[in-house]
Amino acid sequence: MLVGAVLVLAFVVLKLKKAEFEVTDSLFWLVAVVLLAVMALFPQWVYALSELLGFESPSNCVFLLVIAALTMRIFTLNARLARLRTKVNSLIQEIALREKE
């Protein structure tokens, strides 16, 4: 997990340098990297959390947490996409009205 966290961190930093990511988008991935690193460095926390939540295997707990985080991320991106589509449609309509005049 630690190697994966370092690879994701390198990827995010590379995308930031190339200006392919916005800073707000990269915050999600940086937090994810930190959490992965913490889980890799302190696996006893994962064991305790999985025991607390009733998982038979800590890996199942990690998978569920990652799936939940990614699902939340997809939901927020879809909400942002819907707002952007609305803005684009408004801009298209405004441009069409200006061109018609």
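The preceding data block contains the structure.
This structure is a prediction, so every number in the text was calculated from the model and none was measured.

K.L.:
Explain the overall build of the chain here, please?
P.N.:
Counting its regular elements, the chain contains 4 helices and 0 strands. Secondary structure elements of the chain, listed N to C terminal, follow the sequence α-α-α-α. For a compact globule of 101 residues, the expected C-alpha radius of gyration is about 13 Å, and the chain comes in at 20 Å, more than 25% above that figure. Seen through its principal axes, the chain has C-alpha atoms that stretch 70 × 35 × 15 Å. Burial statistics for the chain: of 101 residues in total, 13% are counted as buried. Carbon and sulfur atoms provide 71% of the accessible area of the chain, an area that totals close to 8100 Å². When the 10 basic and 8 acidic side-chain charges of the chain are each reduced to a single mean position, those positions are 5 Å apart.

K.L.:
Honestly, the pattern of salt bridges in this entry has me stumped. Any pointers?
P.N.:
Pairing of side chains with opposite charge becomes possible as their charged atoms draw close. Inspection of every chain in the model, using the stated rule, returns 4 salt bridges. Linking lysine 15 and glutamate 20 is a salt bridge whose minimum nitrogen-to-oxygen distance equals 2.6 Å. Between aspartate 25 and arginine 73 there is a salt bridge, with its nearest N and O atoms 3.1 Å apart. Of this pair, aspartate 25 sits in helix α2 (residues 23-41) while arginine 73 sits in helix α4 (residues 58-100), and the two are 48 residues apart along the sequence. Here the two residues aspartate 25 and arginine 73 agree in accessibility, since each one is buried. Among the ionic contacts, a cluster of salt bridges with common partners joins Asp25, Arg73 and Arg80.

K.L.:
Mind showing me how you'd approach the environment of glutamate 56 here?
P.N.:
Of note, glutamate 56 is situated in the loop between α3 (43-53) and α4. Between the alpha carbons of glutamate 56 and leucine 7 there is a distance of 29 Å; along the sequence they are 49 residues apart.

K.L.:
Where do I start with the side chain of serine 26 in this structure?
P.N.:
Among the structural elements, serine 26 can be located in helix α2. Once residues within four sequence positions are removed from consideration, serine 26 is found in contact with Val12, Leu16 and Phe21.

So, how was this worked out
Residues numbered from 1 in each chain as written. Predicted model: local features only at pLDDT ≥ 70, side-chain atom pairs only at ≥ 80, totals over all residues. Heavy atoms only, no water. Helix = DSSP H or I, 4+ residues; strand = E, 2+ residues; numbered from the N terminus. Rg over C-alpha atoms; globule rule 2.2 N^0.38 Å. Buried < 20%, exposed > 50% of the residue type's maximum accessible area, 1.4 Å probe, protein only. Areas by Shrake-Rupley, 256 points an atom, 1.4 Å probe, with all protein chains shown as cover. Lys, Arg positive; Asp, Glu negative; His and termini not counted. Charge placed at Lys NZ, Arg CZ, Asp CG, Glu CD. Salt bridge = Lys/Arg side-chain N within 4 Å of Asp/Glu carboxyl O. Contact = heavy atoms within 4.5 Å.

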